Amino acid sequence: QQQVKQSPQSLIVQKGGISIINCAYENTAFDYFPWYQQFPGKGPALLIAIRPDVSEKKEGRFTISFNKSAKQFSLHIMDSQPGDSATYFCAAKTNNNDMRFGAGTRLTVKP
Amino acid sequence: NAGVMQNPRHLVRRRGQEARLRCSPMKGHSHVYWYRQLPEEGLKFMVYLQKENIIDESGMPKERFSAEFPKEGPSILRIQQVVRGDSAAYFCASSPGTGVTYEQYFGPGTRLTVT
C-alpha cells in the first residue's frame, strides 16, 4: 500500500520550461513534506520542504504548492535547466520520524 | 562536518552468503534510518534505530534481515543467506533528533548485487 502517490513517472521538459511534479497522500498524521533530488549513483539530497500550515514555499527556482484539504502537494521547477535532470522524490513525514516516499519522477531537461 | 558515510559502496555476494552494510551517521546524529531502493522505484523504509535501540522495524522483512546501532561504531544492516531479490541499493540516513522538522540526511548508498 503506497502511502504517497507521485506522478508523473517520467517528465521531459525543454530548457527554460516549467517542470511540475505532483504528489498525494492519505494519512492525515503526515505533518512535513520534503522533496528530494537524486542523481544517478548518489543518495537523495533534500531540496525543499514545507509544513501544512503554509500553502506555498519558494526557494530560488523551486516552489512547493500545498493543498491541505485535497491532501496534495506539488513541486514546480521554474526555468528548468539540463543540470536539473535527476529523479525527484516527494515524501511525507509524521512527527515520530515515520517518512514515506513517492515512487519518484525521472526528469529530463532537454537543452 | 563529514556527511553520512556508507561502506562498502558496492557489494557482490553469491546466493546464500551474508551481506553486511555499514553506516556512520553525521557527527552529532543519534538517529539512523535504513531504506531500500529497487531499480526504477522509490525508497522503501526498512528500520529506524537510535543508539542501542530499534525504534521501528515495521519495514524490515521478518527473516534474514537484522539491524543494529551499537553504542560505539557504525550502524549495521545484516542480510543473511542473500537471494537474488535482495539486489538493490540500500541507503542509510541520519538525523539529530526526533520531531517532524528534523531533516534526514542520506548517505551515498550501498549497491548490493547477488549473483
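Residues numbered from 1 in each chain as written. Chains lettered and ligands numbered in written order. Predicted model: local features only at pLDDT ≥ 70, side-chain atom pairs only at ≥ 80, totals over all residues. Heavy atoms only, no water.

### Quick look at a nonpolar patch on the surface
All names here are of chain A. How we decide: Surface patches are defined over residues having more than 30% relative accessible area and no salt bridge, joining like charges when they lie within 9 Å and nonpolar side chains (Val, Leu, Ile, Met, Phe, Trp, Tyr) when within 5 Å. Method for areas: the Shrake-Rupley scheme with a 1.4 Å probe, in which residue coverage is limited to the protein chains shown. For this analysis, a salt bridge means a side-chain nitrogen from Lys or Arg found within 4 Å of a carboxyl oxygen belonging to Asp or Glu. Only runs of H or I of at least four residues qualify as helices and only runs of E of at least two qualify as strands under DSSP, and these elements are numbered from the N terminus. Type-normalised accessible area, obtained with a 1.4 Å probe on protein chains alone, sets the label of each residue: buried when under 20%, exposed when over 50%, and partly exposed for intermediate values.
Taken together, the side chains of Ile-18, Ile-20 and Met-78 define a hydrophobic patch exposed on the protein surface, amounting to about 240 Å² of accessible area. Along the chain, Ile-20 falls in strand 3 (residues 19-25). By relative accessible area, Ile-20 is classed as partly exposed at 36%.

### So, the layout of surface pockets
Going by this rule: Think of a 1 Å grid over the protein atoms and nothing else: a 1.4 Å probe that fits but is trapped marks a cavity, an open set flanked by protein within 12 Å on at least five of seven lines marks a pocket, and residues with an atom within 4 Å of a point count as lining. Grid points are joined across faces, edges and corners, and a volume is the space filled by probe spheres set on the points. The nonpolar class holds Ala, Val, Leu, Ile, Met, Phe, Trp, Tyr, Cys and Pro. Asp, Glu, Lys and Arg form the charged class, and all remaining residues, Gly among them, are polar.
Roughly 510 Å³ of internal volume is contained in the largest pocket. Around the largest pocket sit 26 residues that line it, and A:Gln38, A:Thr87, A:Arg106, B:Gln37 and B:Glu40 are the ones nearest its centre. If you list the elements that add at least two residues to the lining of the largest pocket, you get strand 9 (86-93) and strand 11 (105-110) of chain A together with strand 9 (88-95) of chain B. A total of four residues in the lining of the largest pocket trace back to one element, the largest contributor, which is strand 11 of chain A. Here the lining of the largest pocket is composed, by residue class, of 11 nonpolar, 10 polar and five charged.

### Some remarks on the confidence of the model for chain A
Predicted coordinates in regions of low pLDDT should not be interpreted in detail. Put simply, the rule reads: The pLDDT value tells you how sure the predictor is about a given residue, anywhere from 0 up to 100.
Residues with a pLDDT of 70 or more make up 98% of chain A, whose mean pLDDT is 93. Here strand 10 (residues 99-101) of chain A stands out as the element of chain A with the lowest mean pLDDT, 89, in contrast to strand 8 (residues 72-77) of chain A, whose mean of 98 is the highest.

### Remarks on the packing of aromatic side chains
Between two aromatic rings, the relevant description is the distance of the centres plus the angle of the planes. We count it as follows: Classification of ring pairs uses Phe, Tyr and Trp, with its six-membered ring standing for Trp, and accepts pairs whose centres are within 6.5 Å; under 30 degrees between planes counts as stacked, over 60 as edge-to-face, and the remaining range as tilted.
A complete count under the given rule lists 16 aromatic pairs over all chains for this structure. Plain terms: the ring middles of B:Tyr33 and B:Tyr48 are 4.7 Å apart, the flat faces sit at 15 degrees to each other, and that makes the pair stacked. With B:Tyr33 in strand 4 (residues 31-37) and B:Tyr48 in strand 5 (residues 43-50), this pair connects stretches of sequence that are 15 residues apart. Across this residue pair, the class does not change: B:Tyr33 and B:Tyr48 are buried. Between B:Tyr35 and B:Phe45 the ring centres are 6.0 Å apart and the planes differ by 75 degrees, which places this aromatic pair in the edge-to-face class. Here the residue B:Tyr35 occupies a position in strand 4, and B:Phe45 occupies one in strand 5, the gap between them amounting to 10 residues. By relative accessible area, B:Phe45 is classed as buried at 7%. Linked through ring pairs, A:Tyr25, A:Phe30, A:Phe33, A:Trp35, A:Phe66 and A:Phe73 together constitute an aromatic cluster.

### Re the interface of chain A and chain B
Applicable threshold: Two residues form a contact once any of their heavy atoms are found within 4.5 Å. Note on terms: buried area is the combined drop in 1.4 Å-probe accessible area of two parts once they are placed together, counting the loss on both. The term polar contact refers here to a pair of N or O atoms within 3.5 Å; inside protein, the definition further demands a hydrogen-donor-capable atom paired with an acceptor-capable atom, and it admits residues adjacent in sequence only when both atoms are side-chain atoms.
Contacts between the two partners involve 22 residues from chain A, matched on the other side by 26 residues from chain B. Broken down residue by residue, the surface that chain A buries against chain B is led by A:Pro44, A:Asn97 and A:Phe101, which jointly contribute 28%. Our count for the chain A to chain B interface comes out at zero salt bridges. Remark: the boundary between chain A and chain B carries five residue pairs in polar contact (both at pLDDT 80 or more). Of all the elements in the fold, those that place two or more residues in the side of chain A that touches chain B are strand 4 (33-38), strand 9 and strand 10 of chain A. Among the elements that make up the side of chain A that touches chain B, the one with the highest residue count is strand 10 of chain A (three residues). Counted by class, the side of chain A that touches chain B contains eight nonpolar, eight polar and six charged residues.

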